[in-house]
There are 4 protein chains.
Amino acid sequence: MSYATQKLAEEKVFKDPVHRYIHVRDQVIWDVIGAKEFQRLRRIKQLGTTYLVFHGAEHSRFNHSLGVYEIVRRIVDDSFEGRPAWDPSERLVVLCAALLHDLGHGPFSHAFENVFGLDHEEFTKQILLGDTEVNEILSRVSDDFPQKVADVIGKTYPNKQVVSLISSQIDADRMDYLQRDAYFTGVSYGHFDMERILRVMRPLDDQVVIKSTGMHAVEDYIMSRYQMYWQVYFHPVSRSAEVILTKILHRAKALSETGYAFEQQPTHFLRFFDNSFTLQDYLALDEGVLLTYFQLWMNEKDSILSDLCNRFVNRKLFQYIEFDLAKDYVKMKELEQLFKRAGIDPEYYLVFDSSSDLPYDFYRPGEEGERIPIHLQMPNGEIRELSRQSEVVEAISGKRRTDHKLYFPEDFLTADGKKKALKKQILDLLK
Amino acid sequence: MSYATQKLAEEKVFKDPVHRYIHVRDQVIWDVIGAKEFQRLRRIKQLGTTYLVFHGAEHSRFNHSLGVYEIVRRIVDDSFEGRPAWDPSERLVVLCAALLHDLGHGPFSHAFENVFGLDHEEFTKQILLGDTEVNEILSRVSDDFPQKVADVIGKTYPNKQVVSLISSQIDADRMDYLQRDAYFTGVSYGHFDMERILRVMRPLDDQVVIKSTGMHAVEDYIMSRYQMYWQVYFHPVSRSAEVILTKILHRAKALSETGYAFEQQPTHFLRFFDNSFTLQDYLALDEGVLLTYFQLWMNEKDSILSDLCNRFVNRKLFQYIEFDLAKDYVKMKELEQLFKRAGIDPEYYLVFDSSSDLPYDFYRPGEEGERIPIHLQMPNGEIRELSRQSEVVEAISGKRRTDHKLYFPEDFLTADGKKKALKKQILDLLK
Amino acid sequence: MSYATQKLAEEKVFKDPVHRYIHVRDQVIWDVIGAKEFQRLRRIKQLGTTYLVFHGAEHSRFNHSLGVYEIVRRIVDDSFEGRPAWDPSERLVVLCAALLHDLGHGPFSHAFENVFGLDHEEFTKQILLGDTEVNEILSRVSDDFPQKVADVIGKTYPNKQVVSLISSQIDADRMDYLQRDAYFTGVSYGHFDMERILRVMRPLDDQVVIKSTGMHAVEDYIMSRYQMYWQVYFHPVSRSAEVILTKILHRAKALSETGYAFEQQPTHFLRFFDNSFTLQDYLALDEGVLLTYFQLWMNEKDSILSDLCNRFVNRKLFQYIEFDLAKDYVKMKELEQLFKRAGIDPEYYLVFDSSSDLPYDFYRPGEEGERIPIHLQMPNGEIRELSRQSEVVEAISGKRRTDHKLYFPEDFLTADGKKKALKKQILDLLK
Amino acid sequence: MSYATQKLAEEKVFKDPVHRYIHVRDQVIWDVIGAKEFQRLRRIKQLGTTYLVFHGAEHSRFNHSLGVYEIVRRIVDDSFEGRPAWDPSERLVVLCAALLHDLGHGPFSHAFENVFGLDHEEFTKQILLGDTEVNEILSRVSDDFPQKVADVIGKTYPNKQVVSLISSQIDADRMDYLQRDAYFTGVSYGHFDMERILRVMRPLDDQVVIKSTGMHAVEDYIMSRYQMYWQVYFHPVSRSAEVILTKILHRAKALSETGYAFEQQPTHFLRFFDNSFTLQDYLALDEGVLLTYFQLWMNEKDSILSDLCNRFVNRKLFQYIEFDLAKDYVKMKELEQLFKRAGIDPEYYLVFDSSSDLPYDFYRPGEEGERIPIHLQMPNGEIRELSRQSEVVEAISGKRRTDHKLYFPEDFLTADGKKKALKKQILDLLK
């Protein structure tokens, strides 16, 4: 028997709080889960800084990756199996892509990629194709198998049904994370009838469609997404933590570039500071490593770096106000001036942040051709895009809702000490 | 208004997946939660290495501490309030003790304390009484308040009702962790009707008793404990990870003592190796720090240290067999000899471990006076110890059930290479 | 102590699957629950014929009434207590109104009221004010107390906060039934964060408002309603059962009016047929009684009555098609003619039914002044109607979505026998 | 294609709150569900009088029967399929037996059978084999198929694996009702990891065994049973209602036998009173019919019958005390005399009832050969009876725990009126 079709002697199961059990029968899947690059995902939180607001959100990307795998497994083994429009020889590649779709994520991805100009999707590809345990395992299926998996994740794979299961407006990725993030945060959003959605998914030509009898379950899923985005993913306090994190990395990089002598040599970061890092450097990072540095840097003599690290580690976050930069640009300039006069560097301590910068959308059909939209199959066979059929979805889709905030360290402004009048003036402007 | 009775302008709530919401009205509680020593508990997992078996078990001690606080808050605010046998002036001290009872836990506590001869309860006391943010806050209540909190946690506090709520066979600590650990692992054990138990708890003389009408809910709680211990807490695979962890720390300490030159100076550990550490050294540690070192040590030239670290970080754990050391002592000696001859140091690679060594018991009334037993109040007012009233509890209590395992690296013995016959002989002995 | 303030020696609790426990401390509430007119609600299903589609929906109005009481109890005892805008002397009247708001419902209310021209709200008033156990109990509070309770339920009570808790767009009635009906049917809709909504409800002037920080929880509640209406309450198969039920009652009444000799005298119905019934006649009815008659009538010689009863009792329901009466009026007339020619009385066997006839709306602000809309209290104190603030709610509110169906007995048309060509012609028209 | 193997064009699903969905693919199963004798189970509550204590327990035997079917379907389609020890040709017979195992239950079975000397298992057989819709459908599979189904339910079927799935100490019947009754009552007992149990069930020779790795899940199931029996099934208040119900039927029968002239002729009961009933008479009964009569009888001139009916319908139940008949036989006789002197007929108003009379046991291995015990398959292949392996199960099994109560109408004894001293004397004896 070839490696691709090799089955475990006995099915293995993982106890999962969201899907109850994750089932593994394939030797390839079992081996990939054991690979060190996949195990590394245990050390990266699924929701980055969100645990500082929702204390239950301490779950890792490892967790989520198993969940996505399980959903795709159910789709192909239960819903698609035996349907003529589905090519069963695609089973293994889509299972691997599901499991590995987040493989390239680094610690606190969004902030880290932002500061160092990286892209986790690029790292996913490098891990799949480079000198790694994952690549070694996938290559045993066939020489071109790692590339195939990369193509599915990169959305260039020829079979668009396969791509859809991983990356579309209603893919296994989203179905898992909505439920999982709701479970771990404990919020009451994020629930929808996934079992029903799986039952009405159908392979059709070059896409995956939803039988229109399941439209209400899909509406419920879209609403879950909408609620999760505003209640959890865009929560201003977790954005505050992310703002600080970004500024820590900026400061460390800036100090390094100006030849600052760190008391603790930032070994893990050096090659990111000068952009000479390798894949191995990237894989050596995780959130424990970053936090270890931040704790060391709390003792650095650079007061900005040490202060920001103290804020992040000990959760002394920035306050925020609603702020419309376009309208209040003059006020922003004035605040920057006042901050400087008060001895508080506005580059690090007066931060405008907009949720529309975040790489999320809850449902935007047809925009940028980015994500494959949701198509319903009507009783007469006709295919209709969801938002043309559902008033609810039409109402909330397409409208890019943004949320602009200005973050600042209120404690600096209320603390006793010098320049009280100036600080009072700033506070008044910020209220 | 004094600090002790100061209320927040608006009640704060934390979304909690187990208790739905954690409610905070007291300024003191709010301030303690913000203290950096308490925030540090976010960086220490509630269940140590268990996440390597139950991937959902990534929740922290911070999580659990809030939960224990909330349960005690409900008991004193809902069940006890207004009852003559309860002294309402004990409210704040018991809430603080609930919140802070695990404050001294370090990273992977059991293994770490074991290797360095520490005791987390001692550290709890030091943090409460030492130069810390927590101490500064508690001292604002009154000079002797930190000591009172320490006495409650240390079980020497005069009011035994207060002690009972935190440390007895049915305390808030256990009620929270059973439910929380069940929730995050996803197992179906760990459920019991806590709301009913809270309703039938009564302060009485120097103890807290349970109205006998609630006995079945208590039986269910005891069964949950029994099941959680055998299904989750004593799981042999997570013990395997703990064995490796212990051996890593042993090896690093041993190397240090023999003057081994680490490529990466183990700064955070040095004063633990020579037993000269301070409280600040202890507080600088967390699980991210340990894992950062373990990843660095994977590249150390000492092959035992690097191998063990690789095993822990990348989850290449030891296999195990049932092993009765008393009966098979000769076999153990033989195995040790064979391991040596095969070039595998038995001190690190052949590890006997017994669950009865673990600091857990599910219900042992009257043993060592350690934990206050559960007392039922019968309809006629009589007080009876639970196991005298419940056949189920009698059946499972008192019997110390142990589980002995021998751990070893099966991959070393099956790998290609030299000494195949010898390794085969070892494997045969281990089957 | 007066009866109004009399407390039970020990709090009583009911185990409730939706709210976990229903708590009763007041003697008045306890006595009302024991009254026979309230116990009668156990014999009337909350969702009428819905159990024929969702088999779990066998729960009674008794169930729901306790739930509404518990929600109101939490609002007044937890959220409102101590707030200056709330008058605590309204507590008992609102609790009684919550418990008794559905007291006048009869068996399969909608169909029954429809056929006999009744109104359950009128019966609620009669039971509260007439010669009943409930009236006797309420009168012991004060002579005018039964009238006060009736006024709250009838929405004429002066204190509009009190009315709002029972009858508004976000009242305890709706919050209970959405959750309860979801629980018993097993659908995944119907979940929303009620605990959060209760926490942000505020008495203000003559209304109850929602702090705008809770808007998303309210959106979720509105979406639950939307989904429950379309997935459960308007389900075409349960409407099919309701159509048959209505036709049974119509037929029995018509037969009685034409002097038909029933083999089993329909004692319970006689005074409804000739509109001479008393309150006692009404209270003697319940769903068991109706079903007992329907089973007897299965043996009546009138073939229409016996057939319809057989259909309802043994769940041999009508089929249906989408049908636009306005557009297809000619077709309807043609079908009626064909039915007559085929010997199938169209008055009983060709039934047009429209969901917009049903007494439900999921959110219609400002329409008919019927239900008090949901008002948000913005951070600056301003009050805004929900649909002006929420895009989601705006999208789905105000639009009266209707669903028109034509019901008919397909089995009659496909059965072997005479007039096959004619029946085929009918079937073709119906496809 | 034969009827036995005929599949529906599209799988049908029922939404079920316990198992989420019930899946039906077989035409035979679909047809049986539609048969009127099966639909009749909608009109019989699963838990008889329990809804008078746990108001959520209003679910029907229809509900439960679908659940048992679904569990067996999962076992044979998921766990057993493809295993050599399982004969796949048994699939349909075991599915039908699962669905129909409770078919012969009448209204408030226990009391009804008790008074009229009936046996619901006998009726199940009659319905399967008699002139019924169910028989007509099953006969289309093959002439002997109805008898086969009856044999499985009657435990005389040759293939004992098949019998085990329906009737053993861990059969689908029990697994469904524990979970279902817990769900509808809302109690926290009744949860166990059924999915795990299904995964470790194995056909072996002439039985079904459980892999020993699943022992803890089975222990949890046994504990659920233990808790459900004492918390729900034996609840003294629902036994009080059952006592009254039994006495109503006794009284009506006694009156009929003595030629009492009922104002409302008890047509449905007449042939049960004189033991001349047919299957059709039995099938004409349900709980709605009984309650309809009880409501009519509330107006009968016989004061005992009318009083008892009033008690049952309006939930004015008997009080109870613990009572040891063997020890207090003299007291019982004395009470009977005093009741007579007080004009309260002790035959109807002083009722001794013992839970050990009830047809339940939670785990009695080896007793009377009644139920097949649970056998574990050890890793070495050996088979061991559960209670020999599990301390918990050993502790609670085999011990027949009884609970003796004496029921009486306390309101009669405390009411104002004549013979106050005598009633006082009775009350003192009863305290």
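Residues numbered from 1 in each chain as written. Chains lettered and ligands numbered in written order. Predicted model: local features only at pLDDT ≥ 70, side-chain atom pairs only at ≥ 80, totals over all residues. Heavy atoms only, no water.

**Q** Residues and numbers for the overall build of chain A, please.
**A** Looking only at helices and strands, chain A has 23 helices and 9 strands in total. For the C-alpha atoms alone, the extent of chain A along its principal axes is close to 75 × 50 × 35 Å. Put simply, 71% of the contacts in chain A that link residues at least 6 apart link residues at least 24 apart. Positive and negative side-chain charges of chain A, numbering 55 and 66 respectively, have mean locations separated by a distance of 4 Å. (Helix = DSSP H or I, 4+ residues; strand = E, 2+ residues; numbered from the N terminus. Contact = heavy atoms within 4.5 Å. Lys, Arg positive; Asp, Glu negative; His and termini not counted. Charge placed at Lys NZ, Arg CZ, Asp CG, Glu CD.)

**Q** Let's hear about a negative patch on the surface: which residues, and what values?
**A** Together, Asp 78 and Glu 81 of chain A together with Asp 78 and Glu 81 of chain D make up a negatively charged patch on the protein surface. Along the chain, the position of Asp 78 of chain A falls in helix α3 (residues 61–80). The class of Asp 78 of chain A is exposed, set by a relative accessible area of 55%. (Patch = residues over 30% accessible without salt bridge, like charges linked within 9 Å, V, L, I, M, F, W, Y side chains within 5 Å. Areas by Shrake-Rupley, 256 points an atom, 1.4 Å probe, with all protein chains shown as cover. Salt bridge = Lys/Arg side-chain N within 4 Å of Asp/Glu carboxyl O. Buried < 20%, exposed > 50% of the residue type's maximum accessible area, 1.4 Å probe, protein only.)

**Q** Could you give an account of the relation of the copies chain D and chain A, with specific residues and numbers?
**A** One copy of the chain maps onto the other through a rotation about an axis plus a displacement along that axis. Of the transformation placing chain D onto chain A, the axial shift is 0.0 Å and the rotation is 180 degrees, giving an RMSD of 0.1 Å. The transformation relating the two chain copies, once decomposed into turn and shift, fits a two-fold axis. Using C-alpha coordinates, one finds that chain D approaches the rotation axis most closely at Asp 78 of chain D, a distance of 6.0 Å. Counting the interface residues of chain D, we find that 100% of their copies in chain A are interface residues as well, pointing to one common contact surface. (Least-squares fit on C-alpha atoms with pLDDT ≥ 70 in both.)

**Q** How would you sum up the interface of chain D and chain A? Please name residues and give values.
**A** Listed per partner, the contact involves 13 residues of chain D and 13 residues of chain A. When the two sides are added together, the surface that chain D and chain A hide from each other amounts to roughly 1,100 Å², 30% of it contributed by carbon and sulfur. The residue Arg 20 of chain A makes a salt bridge to Glu 195 of chain D at a minimum N-O spacing of 3.1 Å. Our count for the chain D to chain A interface comes out at 8 residue pairs in polar contact (both at pLDDT 80 or more). The set of elements that each furnish at least two residues to the side of chain D that touches chain A consists of β1 (7–16), β2 (20–26) and α11 (194–200) of chain D. It is β1 of chain D that contributes the most residues to the side of chain D that touches chain A, 4 residues altogether. Taken together, the residues of the side of chain D that touches chain A sort by class into 2 nonpolar, 1 polar and 10 charged. (Buried area = accessible area lost by both parts, 1.4 Å probe. Polar contact = N/O pair within 3.5 Å; in protein donor to acceptor, adjacent residues only side chain to side chain. Nonpolar A, V, L, I, M, F, W, Y, C, P; charged D, E, K, R; others polar.)

**Q** Let's hear about the pattern of salt bridges: which residues, and what values?
**A** Enumeration over the complete set of coordinates arrives at 123 salt bridges over all chains. The salt bridge involving Asp 428 of chain A is made with Lys 424 of chain A; its shortest N-O contact spans 2.9 Å. Placement of the pair is Asp 428 of chain A and Lys 424 of chain A together in helix α23 (residues 420–430), with a separation of 4 residues, close to one helical turn. The class for Asp 428 of chain A is partly exposed, based on a relative accessible area of 46%. On the accessibility criterion, Lys 424 of chain A (48% relative accessible area) is partly exposed. Between Asp 302 of chain C and Arg 251 of chain C there is a salt bridge whose closest N-O contact spans 2.8 Å.

**Q** Can you tell me about the domain arrangement of chain A, naming the residues and giving the values?
**A** Entries for chain A in the domain assignment read domain 1 (3–233), domain 2 (236–317) and domain 3 (318–359 + 401–431). Relative to domain 3 of chain A, the C-alpha centre of domain 1 of chain A lies at a distance of 40 Å. (Domains from an automatic or database assignment.)

**Q** Give me the UniProt feature "domain: HD" (unreviewed entry) in chain A: which residues, what numbers.
**A** UniProt records the feature "domain: HD" (unreviewed entry) for residues 61–178 of chain A in the present numbering. Taken as a whole, residues 61–178 of chain A contains 68% helix and 0% strand, while its terminal C-alpha atoms sit 13 Å from one another. (UniProt positions renumbered as here; feature names shortened; annotations may be inferred.)

**Q** Give me the sheet that holds strand β8 (residues 383–385) of chain B: which residues, what numbers.
**A** All names here are of chain B. Pairing in this open sheet of 4 strands is mixed, and the strands run β3-β4-β7-β8 from one edge to the other. The two strands at the open ends of the sheet, each matched to only one other strand, are β3 (201–204) and β8. For this sheet, the mean angle separating the axes of adjacent strands, direction not counted, is 45 degrees. For β3 and strand β4 (residues 207–211), the ladder comprises 4 bridges, and the chain directions are antiparallel. Its bridge partner being in β4, Met 201 is matched across the sheet by Ile 210. (Pairing = 2+ DSSP bridges. Axes fitted to C-alpha atoms, helices over the stretch in contact; angles between N-to-C directions.)

**Q** Help me get a handle on the relation of the copies chain C and chain D, residues and values and all.
**A** The transform that puts chain C on chain D rotates by 180 degrees and translates by 0.0 Å along the axis, for an RMSD of 0.1 Å. A symmetric contact is evident, with 100% of the interface residues of chain C recurring at the interface of chain D.

**Q** Describe the sheet that holds strand β3 (residues 201–204) of chain C, with residues and values.
**A** All names here are of chain C. Strand order across the open sheet formed by 4 strands is β3-β4-β7-β8, with mixed pairing between neighbours. At either margin of the open sheet sits one strand with a lone partner, and together these are β3 and β8 (383–385). Going across the sheet, the axis of each strand differs from the next one's by a mean of 45 degrees, ignoring polarity. Judged from the 2 bridges that link them, strand β4 (residues 207–211) and strand β7 (residues 375–377) form a sheet pairing that is parallel. Looking at β7, one finds that Ile 210 is bridged to Leu 376.

**Q** Describe the packing of helix α10 (residues 172–185) of chain C against helix α12 (residues 215–233) of chain C, listing the residues and the values that go with them.
**A** Residues and elements named next belong to chain C. Taken N-terminus to C-terminus, the directions of α10 and α12 make an angle of 50 degrees; their axes are 11 Å apart at the nearest point. In this view, α10 runs oblique relative to α12, as classed from their interaxial angle. Crossing angle aside, the handedness with which α10 passes α12 is left-handed. Residue-level contacts link Arg 174, Met 175, Tyr 177, Leu 178, Asp 181, Ala 182 and Thr 185 of α10 to Tyr 221, Ser 224, Arg 225, Met 228, Tyr 229, Val 232 and Tyr 233 of α12. Split by residue class, the contact of α10 with α12 holds 9 nonpolar, 2 polar and 3 charged. (Parallel < 35°, antiparallel > 145°, perpendicular 65-115°, else oblique. Left-handed = near helix turned anticlockwise from the far one by under 90°.)

**Q** Quick rundown of the confidence of the model for chain A? Include the residues and the values.
**A** Averaged over all residues, the pLDDT of chain A equals 92, while 95% of them reach at least 70. In the model output, the complex is listed with pTM 0.91 alongside ipTM 0.95. (pLDDT = per-residue confidence, 0-100.)

**Q** An account of the packing of helix α1 (residues 27–34) of chain D against helix α7 (residues 133–141) of chain D is needed here, citing residue identities and associated values.
**A** Residue and element names in this part refer to chain D. Where α1 meets α7, the closest approach of the two axes is 9 Å, and the angle between their N-to-C directions is 170 degrees. Taken together, α1 and α7 sit at an angle that is classed as roughly antiparallel. From α1, Val 28, Asp 31, Val 32 and Gly 34 reach across to α7, where they touch Glu 133, Ile 137, Leu 138, Arg 140 and Val 141. Here the residues of the contact of α1 with α7 sort into 5 nonpolar, 1 polar and 3 charged.

**Q** Quick rundown of the pairing of β2 of chain D? Include the residues and the values.
**A** Residues and elements named next belong to chain D. Taking burial as the measure, the 7 residues of β2 include 5 buried ones, the bulk of the element. Sheet analysis places β1 next to β2, joined by 6 bridges and oriented antiparallel. Bridge pairing links Lys 12 to Val 24 in β2. The loop that links β1 with its antiparallel partner β2 comprises 3 residues.

**Q** Just give me the short version of the packing of aromatic side chains, but keep the residues and values in it.
**A** Under the defined criterion, the tally for this structure stands at 120 aromatic pairs over all chains. With a centroid separation of 4.6 Å and an interplanar angle of 10 degrees, the aromatic rings of Phe 272 of chain A and Phe 277 of chain A are classed as stacked. An angle of 75 degrees between the planes, with centres 5.2 Å apart, marks the rings of Phe 192 of chain C and Tyr 221 of chain C as edge-to-face. Of this pair, Phe 192 of chain C sits in the loop between α10 and α11 (194–200) while Tyr 221 of chain C is found in helix α12, placing the two residues 29 residues apart along the sequence. With relative accessibility at 0%, the residue Tyr 221 of chain C sits in the buried group. (Phe/Tyr/Trp six-rings, centres within 6.5 Å; stacked < 30°, edge-to-face > 60°.)

**Q** Break down the interface of chain C and chain D for me, citing the residues and quoting the values.
**A** At the junction of the two partners, chain C supplies 41 residues and chain D supplies 41 residues. Together chain C and chain D conceal approximately 3,300 Å² of surface at their shared face, both sides included; 50% is due to carbon and sulfur atoms. At the surface where chain C touches chain D, the tally comes to 2 salt bridges. Counting across the chain C and chain D interface gives 25 residue pairs in polar contact (both at pLDDT 80 or more). Going through the elements one at a time, β1 (7–16), α2 (36–39), α3 (61–80), α10 and α16 (287–297) of chain C are the ones with two or more residues in the side of chain C that touches chain D. Among the elements that line the side of chain C that touches chain D, the one with the most residues is α16 of chain C, at 6 residues. Tallied by class, the residues present in the side of chain C that touches chain D amount to 17 nonpolar, 14 polar and 10 charged.

**Q** An account of the side chain of Asp 173 of chain C is needed here, citing residue identities and associated values.
**A** Take Asp 173 of chain C: it is sitting in helix α10. Apart from residues no more than four positions distant in its own chain, Asp 173 of chain C is found in contact with His 64, Val 68, His 101 and Ile 166 of chain C.

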